[in-house]
Amino acid sequence: MKQPLRFYSIGEVAQMLSENVSLIRYWSNTFPKHFKLLRSPRGNRRYTEEDIARLKRIQHLVKVEGLTLPGVGKILDEENPRGKKADRDVKALESLREVREQLLEVKKLL
């Protein structure tokens, strides 16, 4: 049975990562396409386990690896299936479908 989705407040996330709430908010705002942020009825940010894992990745890249935020963005885009890599994959699949259709048309003519 699938586990119910658990949400965490920004304060809980900040505590988990031993960071300031403002830094968690900054990272979330800097890389919005990499988070599935939901809001509580009061408008507070709610983070999933996946969001927390991504924040831990950002924290590691910035604080341990010493990357700049643009550098982190490039890595996230490559790693994140919703990022640029996914866009390239979709375009490649569309191109392959077009080639297949053209080959099927050529086959009919033979």
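These figures come from a predicted structure and were not determined experimentally.

Colleague: Explain the sheet that holds strand β1 (residues 8-9) to me, please; I cannot follow it from the model alone.
Modeller: The strands that make up a sheet pair up through hydrogen bonds in the backbone, lying either parallel or antiparallel. Strands sit in the order β1-β3-β2 across an open sheet of three strands; the sheet is antiparallel. The sheet is open, and its two edges are formed by β1 and β2 (38-39), each paired on a single side. Bridge count for β1 against strand β3 (residues 45-47) is two bridges, and the pairing is antiparallel. Each residue of the ladder has a partner; that of serine 9, found in β3, is arginine 46.

Colleague: Where do I start with the packing of helix α2 (residues 21-30) against helix α3 (residues 49-64) in this structure?
Modeller: For any two helices packed against each other, one specifies the inter-axial angle together with the distance between the axes. Where α2 contacts α3, the axes come no closer than 11 Å and their chain directions differ by 100°. Viewed along their axes, α2 and α3 adopt a mutual orientation that is roughly perpendicular. Within the contact between the two elements, α2 uses Leu23, Ile24, Trp27 and Ser28 and α3 uses Leu55, Ile58, Gln59 and Lys63. Looking at side-chain class alone, the contact of α2 with α3 contains five nonpolar, two polar and one charged residues.

Colleague: Sorry, what's going on with the packing of α3 against helix α4 (residues 69-79) here?
Modeller: Look at α3 against α4: their axes get within 10 Å of each other, and the N-to-C directions meet at 135°. As the angle between them shows, α3 and α4 are arranged oblique. The element α3 and its partner α4 pack so that their crossing is right-handed. Of α4, the residues touching α3 (which contributes Arg54, Arg57, Ile58, Leu61 and Val62) are Leu69, Val72, Ile75, Leu76 and Glu79. Within the contact of α3 with α4, the residues separate by chemical class into seven nonpolar, no polar and three charged.

Colleague: It is not clear to me how helix α1 (residues 10-17) should be interpreted in this structure. Could you clarify?
Modeller: In an α-helix, one turn spans 3.6 residues; hence positions three or four apart end up facing the same way. Here α1 has its buried residues at Ile10, Val13, Ala14 and Leu17. The arc that holds every buried residue of α1, seen down its axis, measures 100°, which confines them to one face. Where α1 terminates, the next one or two residues include serine 18, which has phi positive at roughly 55°.

What counts, and where the lines are drawn
Residues numbered from 1 in each chain as written. Predicted model: local features only at pLDDT ≥ 70, side-chain atom pairs only at ≥ 80, totals over all residues. Heavy atoms only, no water. Pairing = 2+ DSSP bridges. Helix = DSSP H or I, 4+ residues; strand = E, 2+ residues; numbered from the N terminus. Axes fitted to C-alpha atoms, helices over the stretch in contact; angles between N-to-C directions. Parallel < 35°, antiparallel > 145°, perpendicular 65-115°, else oblique. Contact = heavy atoms within 4.5 Å. Nonpolar A, V, L, I, M, F, W, Y, C, P; charged D, E, K, R; others polar. Left-handed = near helix turned anticlockwise from the far one by under 90°. Buried < 20%, exposed > 50% of the residue type's maximum accessible area, 1.4 Å probe, protein only. Arc of directions from axis to C-beta.

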